[in-house]
Every structure is written in C-alpha cells, then in structure tokens.
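Chain residues, written in single-letter form:
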Amino acid sequence: MELSKIDDYICDRLFPLIRSFEKRFRNAIVHEVCTNFLNSKYTDKFGIAYVTDIATILDGGESEGSVIAPNLKYVLTRNGYNPDDENRIHNKKNLLNKLLQIGTGNQTGYKTNRLIQNAVKSQGIAPFWLIASVLDFGDLQLLFSMQEKSVQERIIQFLKEAEKSQPLSTRDIFRFMGRMERIRKMRNAVNHYVPIFPLLLGQVQKKMEDDQDVQAISLLKNLDSHWTGQGARCIADAAQLININRQTETLYGIQITNFNRLKFMKLKGILRILEK
C-alpha cells in the first residue's frame, strides 16, 4: 500500500511537469516551422503552404528542399545524421499525410476539432499552427526529428531559454531526443492512470547521471522553474519514504537484496528531484 502511494505521488508530480513541457515543445515547433515557411520560397504568411510542401514530397519529390521535413530521409544517431531505414521513413510520411489530410478536410480516422473544421470550411485549408494542436506527443517527436540541425537546436534553446550563442552539438541533440522518448513513455503511463514503477524500474543504472529516467525528470524540473504544485499531493520530505530498515534490511516488508537495492535508490533519487 505504501509503495502504491509513492507511485501515485510520483505520477501526480509528473503530470503538470509533462503537460507544461508538451505545451512549450508544441509552441516551439510551430514557431520554427511557421517562421521557416515565411522566410522560404513560399513567403507564407498564413500558415497554409505546408499542404503544397507535403504534397510535393508524397508525390515523389525530393525532401531536401522541403521546409517542413528537410531531414525526412535521415536519423540522428550517436555518430551524427545517417540515412534512415525505410520503415521509419514510411512512418514519417504517414505523419505528413496525416497533416495533409486533416488540413484539407479529409479527417476520416484522424482526431480533429471544431476550430479546424471551421477553418477548412471557410478557407479550404486549416493553418499549420491549428493542425499542430491535435498532434500527440509522438507526432511532435517525429516532426522534430525531420527538422534540420539548426532548427532542432533553436527549439531546444527555446525550451531551455538558453543563449543563442551557446551552440549545441549533435550529441547534445541526441541526448535531448533520448530524454524526450522517456518523457513520452512517462506521459503515457501518467495519462492512462497505470502504475509508473514498471517503467521507471525497468532499467536501472549504477550512476544516477547515466540513468535516462532520472535525467528526463531533471530536465522537466529544470524547464519548469515556477512549479505550482497543481495536482500534486503534498508530502513533506518525500524521499524519506524510501528509508530502508538497516536492522532487518527491509522496506515495507520487502526484503532488500543486491538485485532490488539499486531500484529503491533510483526511486529515492527521483523523489528528491521532484521535491525541489
């Protein structure tokens, strides 16, 4: 029962952090994509040129000259940008087709809203900034992956409110994308009200600085410096909930072993981050 309460506490603390991150991430992508269209050959002031850009790609045109997906055929790895495999390119094209279909009113099978429907009805094409409002976190990740390095860098700098003079390496961007993937999985667990322990404890590193979950939660906290506590239960000194009885080597009746000790230490570290 006590561990269940800790699970609930972590989820309650993560929910507003992830929500805030997702909103900022969405806004940063929309800003960059719309700005790039405005400064491109399209000189698009209305946010609708994405339809022509996507149609060109899906009709067999080259993506290198694209505004919305210049990195379509490449994937970022530890060693830089390399040619992507056909399956992932297919998934990226599916997302582009989703944007095209929703934006032109062919929304069958896709999530939409009344604002998009009214925009399509009144002007034929819904602007990109409106389409982006119905994209889920995974869609945003995929769209981010299709941007050029300079755009990815500006998005990360916007999120971190970092100085533009501080360039990011491809390794920095790669690490950021890895943390985003962990955030996406946490988001799914939190939003579907399922226990988050299996996700957090599925992989544990000996050093906290090497642990993706710990780093992802640290990123969320650092980006949301004005924590409001909305939706969070107040537990004073929550990290003390993970307090192993040194005499019996147990925690809530669970025998502590070399196998599970690191998992409990990871939980304690996460609670400390969320308390800040």
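Residues numbered from 1 in each chain as written. Predicted model: local features only at pLDDT ≥ 70, side-chain atom pairs only at ≥ 80, totals over all residues. Heavy atoms only, no water.

**Notes on the overall build of the protein**
Scanning the protein from N- to C-terminus turns up 11 helices and four strands. Sequence-distant contacts in the protein: of pairs separated by 6 or more residues, those separated by 24 or more amount to 64%. (Helix = DSSP H or I, 4+ residues; strand = E, 2+ residues; numbered from the N terminus. Contact = heavy atoms within 4.5 Å.)

**Section: helix H10 (residues 212-223)**
Helix length check: H10, at 12 residues, gives a terminal C-alpha distance of 16 Å against a target of 16 Å (1.5 Å per residue), a fit within 8%. In terms of burial, H10 is a largely internal element, 10 of the 12 residues being buried. Inspection of H10 places Asp213, Val214, Gln215, Ala216, Ile217, Ser218, Leu219, Leu220, Lys221 and Leu223 among the buried residues, and these make up the whole buried set. Of the surrounding elements, those touching the buried residues of H10 are helix H1 (2-38), helix H7 (149-160), helix H8 (170-191), helix H9 (197-200) and helix H11 (261-275). N-capping of H10 is provided by Asp211, with a side-chain oxygen placed 3.0 Å from the backbone N of Asp213. (Expected span 1.5 Å × (residues − 1). Buried < 20%, exposed > 50% of the residue type's maximum accessible area, 1.4 Å probe, protein only. Polar contact = N/O pair within 3.5 Å; in protein donor to acceptor, adjacent residues only side chain to side chain.)

**With respect to the side chain of Lys98**
Among the secondary structure elements, Lys98 is positioned in helix H3 (residues 86-103). Here Lys98 falls in the buried class, since its relative accessible area comes to 15%. Within the structure, Lys98 has its side chain in polar contact with the side chain of Asp139 (distance 2.6 Å). In this structure Lys98 touches Tyr110, Leu135 and Asp139, once residues within four positions along its chain are discounted.

**Quick look at the side chain of Arg179**
Position of Arg179 relative to the elements: it lies in helix H8. Nearest to the buried, unbridged Arg179 among oppositely charged side chains is Asp172, at 7.8 Å. Those residues in contact with Arg179, other than ones at most four positions away along the chain, are Gln212, Gln215, Ala216 and Leu219. (Lys, Arg positive; Asp, Glu negative; His and termini not counted. Salt bridge = Lys/Arg side-chain N within 4 Å of Asp/Glu carboxyl O.)

**Some remarks on the pairing of strand S1 (residues 74-77)**
Along any regular strand, the residues point their side chains to alternate faces of the sheet. Examined bridge by bridge, S1 and strand S2 (residues 80-83) share four bridges and lie antiparallel to one another. Bridge pairing in S2 links Tyr74 to Pro83. Where S1 folds back onto S2 in an antiparallel hairpin, the turn is made up of two residues. (Pairing = 2+ DSSP bridges.)

**Structural notes on the packing of H3 against helix H6 (residues 137-145)**
It is at 10 Å that the axes of H3 and H6 come closest, and there the two elements cross at 110°. Considering their axes alone, H3 and H6 lie roughly perpendicular with respect to each other. Crossing of H3 over H6 shows left-handed handedness. Packed against H3, whose contacting residues are Asn91, Lys92, Leu95 and Lys98, the element H6 presents Asp139, Leu142, Leu143 and Ser145 at the interface. A per-class count over the contact of H3 with H6 returns three nonpolar, two polar and three charged. (Axes fitted to C-alpha atoms, helices over the stretch in contact; angles between N-to-C directions. Parallel < 35°, antiparallel > 145°, perpendicular 65-115°, else oblique. Left-handed = near helix turned anticlockwise from the far one by under 90°. Nonpolar A, V, L, I, M, F, W, Y, C, P; charged D, E, K, R; others polar.)

**Details of the nonpolar core**
Side chains of a nonpolar character, in soluble globular proteins, are inclined to be buried together. Residues Ile10, Leu14, Phe21, Phe25, Ile68, Phe144 and Ile196 are the most contacted members of the largest nonpolar core, which totals 76 residues. Take this core: its biggest share by element is 14 residues, from H1. Setting aside anything within four residues of it in sequence, one finds Phe144 in contact with Phe25, Ile29, Gln152, Ile155, Ile156, Ile173, Phe176, Met177 and Met180. (Core = buried A, V, L, I, M, F, W, Y, C linked by side-chain atoms within 4.5 Å.)

**Description of the packing of aromatic side chains**
Enumeration over the complete set of coordinates arrives at eight aromatic pairs. Both rings, one in Phe21 and one in Phe137, keep their centres 6.1 Å apart while their planes meet at 35°; by these two values the pair is tilted. Taken together, the positions of Phe21 in helix H1 and Phe137 in helix H6 put the pair 116 residues apart, joining distant regions of the chain. Each member of the pair Phe21 and Phe137 is classed as buried. Plain terms: the ring middles of Phe37 and Tyr42 are 5.7 Å apart, the flat faces sit at 50° to each other, and that makes the pair tilted. On the basis of relative accessibility, which here comes to 22%, the residue Tyr42 falls in the partly exposed class. (Phe/Tyr/Trp six-rings, centres within 6.5 Å; stacked < 30°, edge-to-face > 60°.)

**Side note on the environment of Gly103**
Topologically, Gly103 is positioned in helix H3. Judged by its relative accessible area of 0%, Gly103 falls in the buried class. Each C-alpha atom of the pair Gly103 and Gly124 lies 8.4 Å from the other, and the pair is 21 residues apart in sequence.

**A closer look at the pattern of salt bridges**
Tallied over the entire structure, the rule returns 13 salt bridges. Between Lys92 and Asp84 there is a salt bridge, with the nearest N and O atoms lying 2.9 Å from each other. Residue Lys92 shares its accessibility class with Asp84, and that shared class is buried. When the shortest N-O distance is used, the salt bridge between Glu181 and Arg184 registers 2.6 Å. With Glu181 and Arg184 both in helix H8, this residue pair falls three residues apart, about one helical turn. The class for Glu181 is partly exposed, based on a relative accessible area of 26%. The network of salt bridges with common partners includes Asp84, Asp85, Arg88 and Lys92.

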